[in-house]
Protein chains: 2
Amino acid sequence: MLYSLTAGGKRLRPVMLLATMEALGAGSENGIPVACAIEMIHTYSLVHDDLPAMDNDDLRRGKPTNHRVYGEAMAILAGDALLTYSFQIVAESESIPVDKKAELIALLAKAAGPEGMVGGQAADLEGEDKTLSLEELEYIHHHKTGKLLVYSIIAGALLANATDTQLDHLKQFASHLGLAFQIRDDILDVEGDQEKLGKLPGSDQSNKKSTYPQLLTMEGAKRKLDFHVNEAVNELKSAGVEDTQLKAIADFIIKRDH
Amino acid sequence: MLYSLTAGGKRLRPVMLLATMEALGAGSENGIPVACAIEMIHTYSLVHDDLPAMDNDDLRRGKPTNHRVYGEAMAILAGDALLTYSFQIVAESESIPVDKKAELIALLAKAAGPEGMVGGQAADLEGEDKTLSLEELEYIHHHKTGKLLVYSIIAGALLANATDTQLDHLKQFASHLGLAFQIRDDILDVEGDQEKLGKLPGSDQSNKKSTYPQLLTMEGAKRKLDFHVNEAVNELKSAGVEDTQLKAIADFIIKRDH
């Protein structure tokens, strides 16, 4: 569990949660338990995704994948334990008001489980070796990556007592940002540098996965990336929180090289 | 998810939860969401346990194991989804009082996660191909099987507003019952009938697992089974709930042939 949790990574989801709280004028300290829970769920999904039966990856975040170090059986258990522990952290937290805990846990499970991330992974699996339509590809990404990103923002907004209007715009912001994030990921898999990525580029192609550059051409994928980043920034403005770290995160996502 | 959930099984854990509520004079209907959550967690653990990287079992509950039908990748995801969804069910339930939800979820995660079931599975994995001491074997079973069984009883007791004294005795009851359950399992793996078990007997020996009959002889294992069943029944008496379905469950466990 610790090996994969401490292997680095961008910590994008926890940062988004804490940045959302700060953008809304709340202290971010009460966000730490949920932020940790989200990162644990993200990490467990990578550990399981890297397994030989799934993507069969040897490198993650520049280090050997969990199962390459501890064996497949222990990697499966480490993932299971990270997932379970994430709910324990939130449920046991003393900094989250008791009337918000159940809602935060329900939304986290929804974002991570069969109606969210795992549902997206299952659809992704079923779509392997097929040419997907753009709609199918977006369905997969919206669930596989998007839901947990959106949850990071929503959880921060709930913890910081956002208004309903702010919550709506922040959801839209997160949704566009999630798609932008995935498009950038697909672009990096073609154009990226192994050292910066911490993994081998070209794995989408060798795994025969449908990607944005493949469906839209590289030009088209980059235009789509710009569109979603602009929409994201507009939603931030509508939520009244454009001059904040959240804007910096959107900028980071469009420019990142890993 | 549905394939493994509906493949049958004894439903021992949900039955224990509901029987605990009824033994304490409460209606059991409010226990259904937690009862389902526990069965989902139990089922996910079987789906992952059966994987080639773990026990590599082909049969479970008389049917081909999940990965034999849907492939390894989908079986991993089905397990992940069942685990996540179990927390969603409890968190979204409208029949559980809001002040009890966080406690029930925290205890469930503790029973199922690294401090409970998954911790026991990891210890079990590390103990493979070694001869374990009786203490090590009990540690494994106490975590791998015992914690979730104990949780079934505790959750029922909490939902039925048990007194602290009742809660203590019911915990002890569940703990003895959990060990009795595991000893019976080990005995069945030697003496059981394939048709009734729904799986091949002898898998412990071929997997080189330490068992009670192996450490204590078959005679000794059966004596230990009797001891724990008697202790369990005594605890029921101390909790003032001996003439109930819980007693029938203890009897079932000592006599079951599958």
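In what follows, the structure referred to is the one given above.
Note that the coordinates shown come from a computational prediction; the quantities given were computed from them, not determined experimentally. (Residues numbered from 1 in each chain as written. Chains lettered and ligands numbered in written order. Predicted model: local features only at pLDDT ≥ 70, side-chain atom pairs only at ≥ 80, totals over all residues. Heavy atoms only, no water.)

A. Just the relation of the copies chain B and chain A, in detail. Least-squares fitting of chain B to chain A yields an RMSD of 0.0 Å, with the superposition described by an axial translation of 0.0 Å and a rotation of 180°. The superposition operator between the copies reduces to a two-fold rotation axis. Looking at the rotation axis and the C-alpha trace of chain B, the residue lying nearest is A102 of chain B, at 3.2 Å. In this assembly the copies share their binding face: 100% of the residues contributing to the interface of chain B also contribute to that of chain A. (Least-squares fit on C-alpha atoms with pLDDT ≥ 70 in both. Contact = heavy atoms within 4.5 Å.)

B. Representation of the interface of chain B and chain A within the structure. Each side of the interface is counted separately: chain B has 35 residues, and chain A has 35 residues. Here chain B and chain A share an interface that buries about 3100 Å² over both sides, 78% of which is from carbon and sulfur atoms. Looking only at chain B, the three residues that lose the most surface to chain A are L77, T84 and Q88 of chain B, adding up to 17% of its buried area. Applying the counting criterion to the chain B and chain A interface returns two salt bridges. When the shortest N-O distance is used, the salt bridge between K110 of chain A and E92 of chain B registers 3.8 Å. Connecting chain B to chain A are four residue pairs in polar contact (both at pLDDT 80 or more). Among the secondary structure elements, those contributing two or more residues to the side of chain B that touches chain A are α3 (32-49), α5 (72-92), α6 (98-112) and α7 (117-126) of chain B. The element that contributes the greatest number of residues to the side of chain B that touches chain A is α5 of chain B, accounting for 14 residues. (Buried area = accessible area lost by both parts, 1.4 Å probe. Salt bridge = Lys/Arg side-chain N within 4 Å of Asp/Glu carboxyl O. Polar contact = N/O pair within 3.5 Å; in protein donor to acceptor, adjacent residues only side chain to side chain. Helix = DSSP H or I, 4+ residues; strand = E, 2+ residues; numbered from the N terminus.)

C. Structural view of the nonpolar core. Ranked by size, the top nonpolar core spans 157 residues in total, and within it V34 and L246 of chain A together with V34 and L246 of chain B carry the most contacts. The contact partners of V34 of chain A, leaving out residues within four places of it in the chain, are L17, V90, I96, L104, Y151, A155 and L159 of chain A. (Core = buried A, V, L, I, M, F, W, Y, C linked by side-chain atoms within 4.5 Å. Buried < 20%, exposed > 50% of the residue type's maximum accessible area, 1.4 Å probe, protein only.)

D. Up close: the side chain of T145 of chain B. Positionally, T145 of chain B belongs in helix α8 (residues 134-159). Residues within four places of T145 of chain B in sequence aside, it is in contact with R13, I140, F181 and Q182 of chain B.

E. Inspection of helix α2 (residues 12-23) of chain B at higher detail. Residue and element names in this part refer to chain B. Along its 12 residues, α2 runs 16 Å from first to last C-alpha, staying within 8% of the 16 Å computed at 1.5 Å per residue. All of the buried residues along α2 are L12, R13, P14, M16, L17, A19, T20, M21 and A23. Summarising the contacts, the buried residues of α2 are in contact with α3, α8, α9 (164-191) and α13 (245-255). (Expected span 1.5 Å × (residues − 1).)

F. Representation of the packing of helix α6 (residues 98-112) of chain A against helix α8 (residues 134-159) of chain A. All names here are of chain A. One way to put it is that α6 packs onto α8 with a least axis distance of 9 Å and a crossing angle of 170°. Accordingly, the angle class assigned to the pair α6 and α8 is roughly antiparallel. Contact with α6, carried on its side by K100, E103, L104, L107, L108 and A111, involves K147, L148, Y151, I154, A155, L158 and L159 of α8 and no other residues of that element. (Axes fitted to C-alpha atoms, helices over the stretch in contact; angles between N-to-C directions. Parallel < 35°, antiparallel > 145°, perpendicular 65-115°, else oblique.)

G. How the structure looks around the environment of D57 of chain B. All names here are of chain B. Secondary-structure assignment places D57 in the loop between α3 and β1 (59-60). Sequence separation between D57 and R184 is 127 residues, and the spatial gap between their C-alpha atoms is 20 Å. With near-sequence residues (within four places) excluded, D57 lies in contact with D50, T65, H67 and R68.

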